[in-house]
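Given next are the chains, with one letter for each unit.
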Amino acid sequence: MSIDEKKFKEIIAEFTLTGEQLREIAANFRQDLQLGLKNPDDSSLRMLKSYVGLPDGTEHGEFLALDFGGTNVRVSRIRLEGEGRFEITKRVGEPLIIPGKYDYIGKDSTAEQMFDFLAKLIDEAIDNEREKKFYLGHTFSFPSSQDDLNNARLIIWTKEFATPGVEGEVVNDLLTAALKRRGIENVEPVAVINDTVAVLLSAAYKNSGIYIGSIYATGHNTCYIEPTIHDPKGFGKGGMILNLESGGFMKLAPNRFDLEFDKRSEKPGEQRFEKMVSGRYMGELLDMATAELLNDVGKIYGFTSIDMSAIISDETPDLKKAAEIVEEKTGHKLETDDLKKIKELSSAIVIRSARLVTTSFVGIIWQRTGNKKIEPQHIAIDGSVYEKMPLVKENIAHALSELLGEEGAGVDTILDNGGSGLGAAIAAAMAV
Ligand code: GLC
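An account of the accompanying structure is given in this report. Predicted model, so just to flag it, every value in this text is computed and none were measured.

## Here we look at unusual backbone geometry
At step 1: If you check the backbone angles, Asn295 has positive phi at about 55 degrees while not being a glycine.
At step 2: Turning to its location among the elements, Asn295 is positioned in the loop between α8 (279–293) and α9 (305–313).
At step 3: Relative accessible area serves as the criterion here: at 56%, Asn295 is assigned to the exposed category.
At step 4: The phi dihedral of Leu391 falls on the positive side, at around 80 degrees, and the residue is not glycine.
At step 5: Assignment of secondary structure puts Leu391 in the loop between α12 (384–388) and α13 (392–404).

Next comes the structure, spelled out in structure tokens:
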């Protein structure tokens, strides 16, 4: 079979964003920030208060960090030594789902099972110790409403998590109850933060000039420090970090694949931005578009973002690796010319993702800057898509300069690897 050239070009165009579209989306993002600062109900951004500002770098002591937000849960013991220094003294981790064995995130699981699993991991991390006191920072990476640093109520599951009995609940209550069931009385949860907040705390503990923290992985979301909000119940300096839940941003230019995919997702209408950019979903977009090119409309091949990464990285003349993946997933043996098209399509989806993510950073920078000069800064990002997906870093850099021009020359992005765990420890240190 051979892919129809015209259809291919049309689909690539549908996944391409012009500079003008980018600018418009960034301006919309800024506008939603402004609306949200006045009243979050008027904005597609949830703008959730975290009750924490930036660390001052003197944070010290040993803390437990529970990192919960993707398919892997990690619990670490982290010793903070101030001035950006820290040591991870112990680390355990396990997936929340092993297909065929267990599943704590599906519709048939329960909140008790999920939190008992977390308590078991915490127990491992403290070596079943029952005497020594541990303060625990909890990175909980889902939209949660808080009225202090230690209580977070899950508003709604995202990233296709579906465990019943957690939405609407205070997660630290569920965790404390599970610790109790296991006979652990010496672990005290003292802070709950979003993973974006954790990345911002972690990066700001190590560097200056950090105001924006982001996750670009299974899910996507960004937070920033808002200097005008102060709260007596908040910790830290510089104002308050707002978790934007930018994955829910709406003022975009979705194409028909985005619309169609949203319809068949776990939560239609929610997380529209995230469904266009994050690792959990990019493979599905490739899937739908490829099915159209291969005249298999309606068929689900099961491409993942890891497949996309491998396809895009394939530099062999006959695209050997890409051919293997495409054949395995679609059942079609494609000629090199057609494989090139699948590779180009994968690249187009990734480039669009990186450009869209950049619009949110720029919207925040415009909002923070007002009519002053843009401050030199590093946007701190953690996550597998940012770290490993080809084309991402350079396309973010390119879109930043497209949108900010000369004035943005001092703005770049940095990887804050493992920031989720470290940030939780820092938040715990700030809280006690
Ligand atoms: C989803 C969650 C958000 C989290 C992001 C990255 O968008 O709603 O809270 O920060 O994934 O993990």
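## So, helix α14 (residues 419–431)
At step 1: With 13 residues, α14 ought to run about 18 Å at 1.5 Å a step, and its terminal C-alpha atoms sit 18 Å apart, in line with that.
At step 2: The element α14 is largely enclosed, with a buried count of 12 among its 13 residues.
At step 3: Among the residues making up α14, those that are buried are Gly419, Ser420, Gly421, Leu422, Gly423, Ala424, Ala425, Ile426, Ala427, Ala428, Ala429 and Met430.

## Regarding the site of the ligand
At step 1: Taken together, the neighbourhood of the ligand is formed by 15 residues, with Lys159, Asn194, Asp195, Glu245 and Glu274 sitting nearest.
At step 2: Between an oxygen atom of the ligand and a side-chain N or O atom of Thr158, the distance comes to 2.8 Å.
At step 3: One nitrogen or oxygen atom from the side chain of Asp195 is found 2.6 Å from an oxygen atom belonging to the ligand.
At step 4: In the complex, the protein chains occlude 98% of the 310 Å² of accessible area that the ligand would expose alone.
At step 5: Among the cavities detected, the one that contains the ligand is the largest pocket.
At step 6: Of all elements in the fold, only α5 (195–206) and β12 (220–226) reach the threshold of two or more residues within the shell around the ligand.
At step 7: Partitioning the shell around the ligand into residue classes produces three nonpolar, eight polar and four charged.

## So, the nonpolar core
At step 1: With 108 residues, the main nonpolar core has Phe15, Leu80, Leu201, Tyr216, Ile241 and Leu345 as its most contacted residues.
At step 2: Examining the composition of this core, we find that 14 residues originate from one element, helix α11 (residues 336–369), more than from any other.
At step 3: Contacts of Leu80, omitting those with residues within four sequence positions, involve Glu59, His60, Gly61, Phe63, Arg85, Phe86, Tyr205, Leu422, Ala425, Ile426 and Ala429.
At step 4: Val73, Phe115, Phe117 and Val171 belong to the second largest nonpolar core, which has 37 residues in total.

Cut-offs applied
Residues numbered from 1 in each chain as written. Predicted model: local features only at pLDDT ≥ 70, side-chain atom pairs only at ≥ 80, totals over all residues. Heavy atoms only, no water. Helix = DSSP H or I, 4+ residues; strand = E, 2+ residues; numbered from the N terminus. Buried < 20%, exposed > 50% of the residue type's maximum accessible area, 1.4 Å probe, protein only. Expected span 1.5 Å × (residues − 1). Near = heavy atom within 4 Å. Polar contact = N/O pair within 3.5 Å; in protein donor to acceptor, adjacent residues only side chain to side chain. Areas by Shrake-Rupley, 256 points an atom, 1.4 Å probe, with all protein chains shown as cover. 1 Å grid on protein atoms, 1.4 Å probe; cavity = no way out; pocket = protein on both sides within 12 Å on 5 of 7 lines; lining within 4 Å. Sits in = over half its atoms within 2 Å of the grid points. Nonpolar A, V, L, I, M, F, W, Y, C, P; charged D, E, K, R; others polar. Core = buried A, V, L, I, M, F, W, Y, C linked by side-chain atoms within 4.5 Å. Contact = heavy atoms within 4.5 Å.

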